[in-house]
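Chains, contacts and geometry: an overview
Now for the letters of each chain:
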Amino acid sequence: MTAAPRAIALNCTLKPSGASSTDAMIAVLAAAFAKQGVTVTETIRIAAHDVKPGVTSDEGDGDAWPAIREKILAHDILIFGGPIWMGQIGSVAKRVLERMDAFIGETDDQGRMPSFGKVAVAAIVGNEDGAHWSSAQLFQSLNDTGWTIPPVSACYWVGEAMGSVDFKDLGETPEKVTQTATTVATNAAHLARLLLSNPMPGITA
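The rules behind the values
Residues numbered from 1 in each chain as written. Predicted model: local features only at pLDDT ≥ 70, side-chain atom pairs only at ≥ 80, totals over all residues. Heavy atoms only, no water. Core = buried A, V, L, I, M, F, W, Y, C linked by side-chain atoms within 4.5 Å. Buried < 20%, exposed > 50% of the residue type's maximum accessible area, 1.4 Å probe, protein only. Helix = DSSP H or I, 4+ residues; strand = E, 2+ residues; numbered from the N terminus. Polar contact = N/O pair within 3.5 Å; in protein donor to acceptor, adjacent residues only side chain to side chain. Contact = heavy atoms within 4.5 Å. 1 Å grid on protein atoms, 1.4 Å probe; cavity = no way out; pocket = protein on both sides within 12 Å on 5 of 7 lines; lining within 4 Å. Points joined across faces, edges and corners; volume = space filled by probe spheres on them. Nonpolar A, V, L, I, M, F, W, Y, C, P; charged D, E, K, R; others polar. Pairing = 2+ DSSP bridges. Right-handed = clockwise from strand over helix to strand, strands pointing away. Arc of directions from axis to C-beta.

**What about the nonpolar core?**
- By size, the foremost hydrophobic cluster in this structure holds 31 residues, and its most contacted members are Leu10, Ile46, Ile68, Leu78, Phe80, Met100 and Leu142.
- The leading source of residues in this core is helix H3 (residues 91-100), at 5 residues.
- Core analysis: the second largest hydrophobic core is formed by 27 residues, Val119, Ala123, Ala181 and Ala192 among them.

This is how it looks when you write it as structure tokens:
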């Protein structure tokens, strides 16, 4: 019997500590995943760690990325969470994507990147337009670096343009967000189980 998939979340808020709307959205997805039998074991707040700029898997002394990378790759599903800034995904998320670029050169003898067979979904929040553009940025980069993207793979909330209400401050989760989270978690969990039971074949001569 195939083991249940495990998920891990990255919170790419710009804040190293304190309340975060990205955490609130990740929590919505975590609840939806739990109903699918998938545990989100940990949320890593990237801004709280010294993830150095670069495009390798280890940028030297003090770089926090190697340990984070190891944790990510020990899971089957990645929840990639981040806020919209200036109409696009925030800079911390882009740094993570840049570090994952190293996967392209880390293939096994069948051409499989370390992320092959692993599923990625997005949790996006913001008070301005940009959710679709942010998810496009994320998913193109994640696809390039070996992740498998399920259908309906982004759960997002966007408030009024130039408004002052954040997702974390809402009295209750909007019904549409909850419905989308259910779809994201259902599709991602199903796909992860398929990939665990039937791994990506890679390229053979």
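**A few points about the side chain of arginine 45**
- Mapping arginine 45 onto the fold places it in strand E2 (residues 39-45).
- Within the structure, the side chain of arginine 45 is placed 2.9 Å from the side chain of aspartate 23, a separation counted as a polar contact.
- Dropping the residues within four chain positions of it, arginine 45 is found in contact with Asn11, Thr13, Lys15, Pro16, Ser17, Gly18, Ser20 and Asp23.

**Focus on the layout of surface pockets**
- There is about 310 Å³ of room inside the largest pocket.
- If you go around the largest pocket, you meet 17 residues; those closest to its centre are Ser21, Pro83, Trp85, Val125 and Asp166.
- Mapped by element, the contributors of at least two residues to the lining of the largest pocket are helix H1 (21-35), strand E3 (77-85) and strand E5 (119-126).
- In the lining of the largest pocket, the residues fall into 7 nonpolar, 6 polar and 4 charged.

**Digging into the pairing of strand E6 (residues 154-158)**
- With 5 bridges connecting them, E5 and E6 associate as parallel partners. Pairing of alanine 122 across the sheet is with alanine 154, part of E6.
- In terms of handedness, the path from E5 via helix H4 (residues 131-144) over to E6 forms a crossover that is right-handed.

**Section: helix H2 (residues 65-73)**
- Taken residue by residue, H2 has Trp65, Ile68, Arg69, Ile72 and Leu73 as its buried positions. For H2, the angular spread of the buried residues around the axis is 130 degrees, confining them to a single face.
- Where H2 is buried, its residues contact strand E1 (6-11), E2, E3 and H3.

**A short note on the side chain of serine 153**
- Assignment of secondary structure puts serine 153 in the loop between H4 and E6.
- Looking at serine 153, the relative accessible area reads 8%, which means it is buried.
- Among the polar contacts made by the side chain of serine 153, one reaches the main-chain carbonyl oxygen of proline 150 at a distance of 3.3 Å.
- Apart from the residues within four sequence positions on either side, serine 153 is in contact with Ala120, Val121, Ala122, Phe139 and Val184.

**Some points on unusual backbone geometry**
- You will see that methionine 86, though not glycine, has its phi angle at about 55 degrees, which is positive.
- On the secondary structure map, methionine 86 appears in the loop between E3 and strand E4 (88-89).
- On the basis of relative accessible area, methionine 86 is assigned to the exposed category, the value being 75%.
- A positive phi is found at valine 152, a non-glycine position, where the angle reads about 50 degrees.
- Position of valine 152 among the secondary structure elements: in the loop between H4 and E6.

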